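Chain residues, written in single-letter form:
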Amino acid sequence: MDRIHITGGAPLNGVIPISGAKNAALPLMIASLMTGETLELVNVPRLADIASLSRILGNHGVDHMVVGKRPGQTTETGQTIRLTASNIIDTTAPYDLVSTMRASFWVIAPLLARFGEARVSLPGGCAIGTRPVDLLIMAMEALGAQIEIDGGYVVAKTRNGLRGGDIRFPKVTVGGTHVALMGAALAHGTTVIENAAREPEVVDLAECLIKMGARIEGAGTPRIAVEGVSRLHGARHEVLPDRIETGTYAMAVAMTGGDVTLENTRADLLHAALDVLATTGAEVTTVPDGIRIRRNGAGIAAVDVTTDPFPGFPTDLQAQFMALMTLAQGRSQIRETIFENRFMHVQELARLGAKIRLEGDLAIVEGVERLKGAPVMATDLRASVSLVIAGLAAEGETQINRVYHLDRGFEALEAKLGRCGAQIQRVRS
Ligand SMILES: CC(=O)N[C@H]1[C@@H](OP(=O)(O)OP(=O)(O)OC[C@H]2O[C@@H](n3ccc(=O)[nH]c3=O)[C@H](O)[C@@H]2O)O[C@H](CO)[C@@H](O)[C@@H]1O
Ligand SMILES: C=C(OP(=O)(O)O)C(=O)O
């Protein structure tokens, strides 16, 4: 298994190009199942999760083509892919493909809406809590689907197509909102989704569906209205920038010190996180087509954070922020409200010398003066990258095992950091 070796202590200086968002690209690719025409997606990141989903779509019969590079494009310019679901041969998404990632479960909605049936294995994904799918099932039932669980599979059927209905989510769910949107877009009649997720990735999916002919109003607000149409058509859509990758590198610079411009991204995608970073003492400025982060000399101020659905502080940046707080001057309290088991990085950060105490959903971090490199191993994607950030700021060598978690969500991580002065290498084995 590959490992990442880091020799910490160097500040980061330079430019980091931000990739297209994994968590937008995945539902957008799934939306290709909603039409027999071609969906062209631009700025798709090169990631293990994207490859896994391509395999799942391929198994359903979706044709997948990667468009060749154009002059001026580099390996870090996202790929353009064309997906055509004109000949679906199988409406089952099998366990061995779906178990590796959460988003693959969402194929259930377009399959059901367009073909009247779907058999999808219960999903996997990052081990950060129980992660049930009851609300996704509730949404499809509200659209008239009959659903049963059989041998680890969710079997969904509809006789005469989905029909519009009222969906009120008791808690905000990103996946539930994606599924509700895709189902409702091809249902007969009107659907109102209440307490919808407002995440930018939901808005990106809605914008793409609108280009495909869907009638959707209110995406980005808690109330989305969808007027179903009988068919959708092909479209071309650019995946929005990855706000979690953006925030991750911003926190890395805030921790190591230095001056980095994050290119091809937008501050409005992560205001809550950038505001918190500024409060810690980092200088955050917006520049054309990006964000500049600087911290030179000043110490890191301790700041309390609570994760929340968008526009709040994202749970997907909680681990990275905790890494930063391990070197803060004083005590910070980090409350995780979205997932009940998303503190797996705590014991690994402790190996580097961090002082963190857990009390239920609260992590109390006592800042220390320095971290010291050590071998560590993370169990999920964002936890893994929090160890990379901590390793960059620690004295000496850090070795990060189980790198496949990082490959799920961070495109060209070593190259992007290496060009800014980080001493980071992948050791293949
Ligand atoms: C691929 C992708 O986009 N993943 C993101 C998505 O995950 P995902 O869509 O799985 O997360 P949700 O927003 O659905 O989960 C939010 C909360 O609702 C609960 N819940 C969800 C569905 C359900 O049927 N029942 C239920 O109880 C979850 O356990 C969790 O406590 O949003 C999360 C919250 O921003 C992010 O951390 C993930 O990175
Ligand atoms: C939790 C994540 O992914 P998934 O929902 O696929 O587990 C993530 O992107 O941080």
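Residues numbered from 1 in each chain as written. Chains lettered and ligands numbered in written order. Predicted model: local features only at pLDDT ≥ 70, side-chain atom pairs only at ≥ 80, totals over all residues. Heavy atoms only, no water.

Looking at an unreviewed UniProt entry, one finds the protein chain named UDP-N-acetylglucosamine 1-carboxyvinyltransferase and attributed to Methylobacterium planeticum. What the UniProt record of the protein chain gives under Sequence similarities (unreviewed entry) is the line "Belongs to the EPSP synthase family. MurA subfamily." As stated in UniProt under Catalytic activity (unreviewed entry), the record for the protein chain gives "phosphoenolpyruvate + UDP-N-acetyl-alpha-D-glucosamine = UDP-N-acetyl-3-O-(1-carboxyvinyl)-alpha-D-glucosamine + phosphate". (UniProt positions renumbered as here; feature names shortened; annotations may be inferred.)

Among the secondary structure elements, Thr265 is positioned in the loop between strand E15 (258-263) and helix H9 (271-280). A residue is classified by how much of its surface remains accessible, and Thr265, at 2% relative accessible area, is buried. There is a polar contact of 2.8 Å between the side chain of Thr265 and the side chain of Thr246. Other than its neighbours up to four places away in sequence, Thr265 contacts Ile18, Pro241, Thr246, Asp289, Gly290 and Ile291. (Helix = DSSP H or I, 4+ residues; strand = E, 2+ residues; numbered from the N terminus. Buried < 20%, exposed > 50% of the residue type's maximum accessible area, 1.4 Å probe, protein only. Polar contact = N/O pair within 3.5 Å; in protein donor to acceptor, adjacent residues only side chain to side chain. Contact = heavy atoms within 4.5 Å.)

This next bit is on the pattern of salt bridges. Summed over all chains, the structure comprises 22 salt bridges. The partner of Glu245 in a salt bridge is Lys416, and the shortest N-O contact between them spans 2.7 Å. Taken together, the residues span a long stretch of sequence, with Glu245 in helix H8 (residues 243-256) and Lys416 in helix H14 (residues 413-418) at a distance of 171 residues. When the shortest N-O distance is used, the salt bridge between Asp259 and Arg292 registers 2.7 Å. Of this pair, Asp259 sits in strand E15 while Arg292 sits in strand E17 (residues 290-295); the two residues are 33 residues apart in sequence, bridging distant segments of the chain. Given the relative accessible area of 21%, Asp259 is considered partly exposed. Overlapping salt bridges, with partners in common, bring together Asp2, Asp407, Glu414, Arg426 and Arg428 in one network. (Salt bridge = Lys/Arg side-chain N within 4 Å of Asp/Glu carboxyl O.)

Take the packing of aromatic side chains next. Within the structure shown, the criterion is met by one aromatic pair. An angle of 65° between the planes, with centres 5.6 Å apart, marks the rings of Phe313 and Phe321 as edge-to-face. Judged by relative accessible area, which is 0%, Phe321 ranks as buried. The aromatic ring of Tyr153 is capped on one face by Arg119, whose charged end is 4.1 Å from the ring centroid. (Phe/Tyr/Trp six-rings, centres within 6.5 Å; stacked < 30°, edge-to-face > 60°. Lys NZ or Arg CZ within 6 Å of the ring centre and 35° of its normal.)

All right, on to the domain arrangement of the protein chain then. As far as domains go, the protein chain holds domain 1 (3-18 + 241-427) and domain 2 (22-231). Between the C-alpha centres of domain 1 and domain 2 the distance comes to 30 Å. Surface buried jointly by domain 1 and domain 2 totals about 2000 Å² across both partners, of which 49% is contributed by carbon and sulfur atoms. When the buried surface of domain 1 facing domain 2 is broken down by residue, Phe310, Arg408 and Glu411 rank first, second and third, together holding 36% of it. (Domains from an automatic or database assignment. Buried area = accessible area lost by both parts, 1.4 Å probe.)

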